[in-house]
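What follows is the residue order along each chain.
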Amino acid sequence: MALSWTDLGLILAASLWMAVPFLLALCLCVLVEMLFPSEELSLRDRLPGALFVLALPVSAAFIVPPFHAFWRFIECPILIDLRWMPDWLLLTTLILLWDFCNYWEHRFEHRFLWSFHAVHHAPTQLHAAHTYAHPVQLICQFFFKILPFSLLGLKGVAVPALAVVMVAFWNFFIHASTRLHVGPLRWLLVDNRFHRIHHSVETRHFDKNFAPVFSIWDQLFGTAHFPAPDEHPAVGLEDVRPPRSYFDLLVMPVRRAERKIAAGSVVESFADVSETRPVARSAA
């Protein structure tokens, strides 16, 4: 079935509307940071990251529609019908499935798209607005999350929309600068202390704690590291500095490749994962 300009317009509009739940979730998490802070952060500190986060749905409006249009064109059938589920079970199932897909997408990005994903690991100070990513990762997200979820039969948009807001909030929370955490529930849920390990500069923490919502995936697949009560490592990377503008964020992988070439390193592709070791910094 051929897609009309109207269909493409609706896909574009849907991508842009994704900024709404992201903005709501970010505002809620910033409120948590302000009520229960672990360090002082100003609006100026948060603003660049917030703008980068909100720019992602706008970028998705231009990157995702061609893939979405092709997927609709081939008319792939629904493989799993979830319309029989009560709302509470459907909500739980969607979040579990999304988190499982995100876990493997995250591992894929570390292995094959590091030069792009490294942008997310650039900040040396974590807070809720530091959940931004390079727009190229949207393509990876399409194949790992949007396509699998398009195979599900769902009733309405209310429950999926709620799942998006809840997952977005939790993704902001695990990066948040707040003294709140889930304590012993960490065996089930990821929190900011658990996820900080993933951004750690320490070698023993590399490639640990990939999941954003449920720590069960890291436990099942051998990538979990549960932090000690006083374990608060510094974060950041040696060859990637935090972007100061959205243009910096876009060109960072190219500049990194240029630096490696200038230094005499061979860069075979942007998936090159060599020389990505972080530099040790004192904890904040």
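Everything that follows concerns the structure shown earlier in this document.
Reading the values: the criteria
Residues numbered from 1 in each chain as written. Predicted model: local features only at pLDDT ≥ 70, side-chain atom pairs only at ≥ 80, totals over all residues. Heavy atoms only, no water. Core = buried A, V, L, I, M, F, W, Y, C linked by side-chain atoms within 4.5 Å. Buried < 20%, exposed > 50% of the residue type's maximum accessible area, 1.4 Å probe, protein only. Helix = DSSP H or I, 4+ residues; strand = E, 2+ residues; numbered from the N terminus. Phe/Tyr/Trp six-rings, centres within 6.5 Å; stacked < 30°, edge-to-face > 60°.

> Before we move on, could you go through the nonpolar core and cite the residues and values that matter?
Core analysis: the biggest nonpolar cluster contains 46 residues, and L26, L94, I95, W170 and F172 have the highest contact counts within it. Secondary-structure elements contributing two or more residues to this core are α2 (19-35), α3 (43-73), α4 (87-112), α7 (158-173) and α10 (246-262).

> Break down unusual backbone geometry for me, with residues and values.
Leaving glycine out, the prevailing phi sign among residues is negative, and the prevailing peptide bond configuration is trans. With a phi angle near 55°, D207 is a residue other than glycine that sits in the positive phi range. Structurally, D207 can be placed in the loop between α8 (192-196) and α9 (216-220). The phi torsion at N209 lies on the positive side, around 55°, for a residue other than glycine. Tracing the sequence through the fold places N209 in the loop between α8 and α9. Residue classification places N209 among the buried positions, given a relative accessible area of 0%.

> So, the environment of F206: which residues are in play, and what are the values?
With respect to the helices and strands, the residue F206 is situated in the loop between α8 and α9. Judged by relative accessible area, F206 falls into the buried class, the value being 18%. In this structure, the C-alpha to C-alpha distance between F206 and H225, residues 19 residues apart in sequence, is 9.9 Å.

> How would you summarise the packing of aromatic side chains if you had to cite specific residues and measurements?
By the definition in use, this model includes 14 aromatic pairs. On the numbers, 4.9 Å between centres and 70° between planes, the contact of W104 with F221 is edge-to-face. Taken together, the residues span a long stretch of sequence, with W104 in helix α4 and F221 in the loop between α9 and α10 at a distance of 117 residues. On the basis of relative accessibility, which here comes to 31%, the residue W104 falls in the partly exposed class. The exposure class assigned to F221 is partly exposed, which follows from its relative accessible area of 34%. With a centroid separation of 4.9 Å and 45° between ring planes, the pair formed by W170 and F173 is classed as tilted. Note that W170 and F173 are positioned in helix α7 at a spacing of three residues, about one turn of the helix. One exposure class covers both W170 and F173, and it is buried.

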